[in-house]
Amino acid sequence: MQKGTDTNSGSLYKELKAKIDYKVVKIAHLNVRGILNKIGEIRLLLLDSKLDVLAMTETHLKGDINSSEISVHGYKIARLYRTHKSCGRCFY
């Protein structure tokens, strides 16, 4: 552990640490080739599978697409914008 890292302040750390200790962290990756027309299926996948992390490539997201259009209840979004025709990354 790095010096100065406070592990007692966040419940996120405790929750993730417990999952790692019990080997129940669920992570998946999808090459979606465009997220907007598949967001319904992605929401269903996340809610049914209870994934901890879903990484997606080739989302084709641009800066003019609001995160609320691709939000999923209970998940936070991190995204990288498309810089050329077939790019973009998104993490839930």
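Structure: above.
Since the structure is predicted, the reported quantities are computational estimates derived from the model, not experimental observations. (Residues numbered from 1 in each chain as written. Predicted model: local features only at pLDDT ≥ 70, side-chain atom pairs only at ≥ 80, totals over all residues. Heavy atoms only, no water.)

Visitor: Sorry if this is basic, but what is going on with the overall build of the protein here?
Guide: Within the protein, the regular secondary structure consists of two helices and four strands. For the protein, the succession of helices and strands along the chain, N to C, is α-β-α-β-β-β. With 92 residues in all, the protein has 24% of them scored as buried. Across the protein, contacts joining residues at least 24 apart in sequence account for 60% of those joining residues at least 6 apart. (Helix = DSSP H or I, 4+ residues; strand = E, 2+ residues; numbered from the N terminus. Buried < 20%, exposed > 50% of the residue type's maximum accessible area, 1.4 Å probe, protein only. Contact = heavy atoms within 4.5 Å.)

Visitor: Teacher, can you tell me more about the pairing of strand 1 (residues 27–31) here?
Guide: Two faces belong to every sheet, and in a regular strand the side chains alternate between them. Bridge analysis of strand 1 against strand 2 (residues 53–57) gives five bridges, and the strand direction is parallel. Residue pairing across strands places Ala 28 opposite Leu 54, the latter belonging to strand 2. Between strand 1 and its parallel partner strand 2, the chain crosses via helix 2 (residues 39–49), and the hand of that crossover is right-handed. (Pairing = 2+ DSSP bridges. Right-handed = clockwise from strand over helix to strand, strands pointing away.)

Visitor: What exactly am I supposed to notice about the packing of aromatic side chains here?
Guide: Ring pairs (aromatic) are described by centroid distance and by the angle formed between their planes. According to the stated counting rule, one finds one aromatic pair in the structure shown. Taking 6.5 Å as the distance between ring centres and 90° as the angle between the ring planes, the aromatic pair formed by Tyr 75 and Tyr 92 counts as edge-to-face. Highlighted residues: Tyr 75 in the loop between strand 2 and strand 3 (78–80) and Tyr 92 in the segment after strand 4 (89–91), separated in sequence by 17 residues. Take Tyr 75 and Tyr 92: they sit in the same class, and that class is buried. (Phe/Tyr/Trp six-rings, centres within 6.5 Å; stacked < 30°, edge-to-face > 60°.)

Visitor: How should I be thinking about the sheet that holds strand 1 in this particular structure?
Guide: Whether parallel or antiparallel, the strands of a sheet pair through hydrogen bonds between backbone atoms. The strand order across the open sheet built from four strands is 1-2-4-3, with neighbouring strands paired in mixed fashion. Two strands in the sheet have a free side with no partner beyond their single neighbour: strand 1 and strand 3. The mean inter-strand angle of the sheet, taken between neighbouring strand axes irrespective of direction, is 10°. (Axes fitted to C-alpha atoms, helices over the stretch in contact; angles between N-to-C directions.)

Visitor: Would you mind going over the nonpolar core with me for this structure?
Guide: For soluble globular proteins, the rule of thumb is that nonpolar side chains tend to be buried together. Ile 35, Ile 42, Leu 46, Met 56 and Tyr 92 are the most contacted members of the largest nonpolar core, which has 15 residues in total. Sorting elements by how many residues they give to this core places helix 2 first, with three residues. (Core = buried A, V, L, I, M, F, W, Y, C linked by side-chain atoms within 4.5 Å.)

Visitor: Hey, could you run me through the pairing of strand 2 in this one?
Guide: Taken together, the three bridges between strand 2 and strand 4 define a ladder with antiparallel strand orientation. Directly across from Thr 57, in strand 4, lies its bridge partner Arg 89.

Visitor: What is the right way to read the environment of Ile 70 from this model?
Guide: Looking at where Ile 70 falls in the secondary structure, it is placed in the loop between strand 2 and strand 3. For Ile 70, a relative accessible area of 0% puts it in the buried group. When residues no more than four places from it in sequence are discounted, the contact partners of Ile 70 are Ile 35, Leu 36, Ile 39, Arg 43, Leu 61, Ile 77, Arg 79, Cys 90 and Tyr 92.

Visitor: I tried to follow the layout of surface pockets on my own but got confused; where do I start?
Guide: A volume near 380 Å³ is recorded for the largest pocket. What lines the largest pocket is Leu 12, Glu 15, Leu 16, Lys 19, Val 25, Leu 51, Asp 52, Val 53, Gly 74, Tyr 75, Lys 76 and Tyr 92. Looking at the lining of the largest pocket, the element that brings in the most residues is helix 1 (residues 11–21), giving four residues. When the residues that make up the lining of the largest pocket are grouped by side-chain class, the tally is seven nonpolar, one polar and four charged. (1 Å grid on protein atoms, 1.4 Å probe; cavity = no way out; pocket = protein on both sides within 12 Å on 5 of 7 lines; lining within 4 Å. Points joined across faces, edges and corners; volume = space filled by probe spheres on them. Nonpolar A, V, L, I, M, F, W, Y, C, P; charged D, E, K, R; others polar.)

Coordinates in, geometry out; function isn't part of it.
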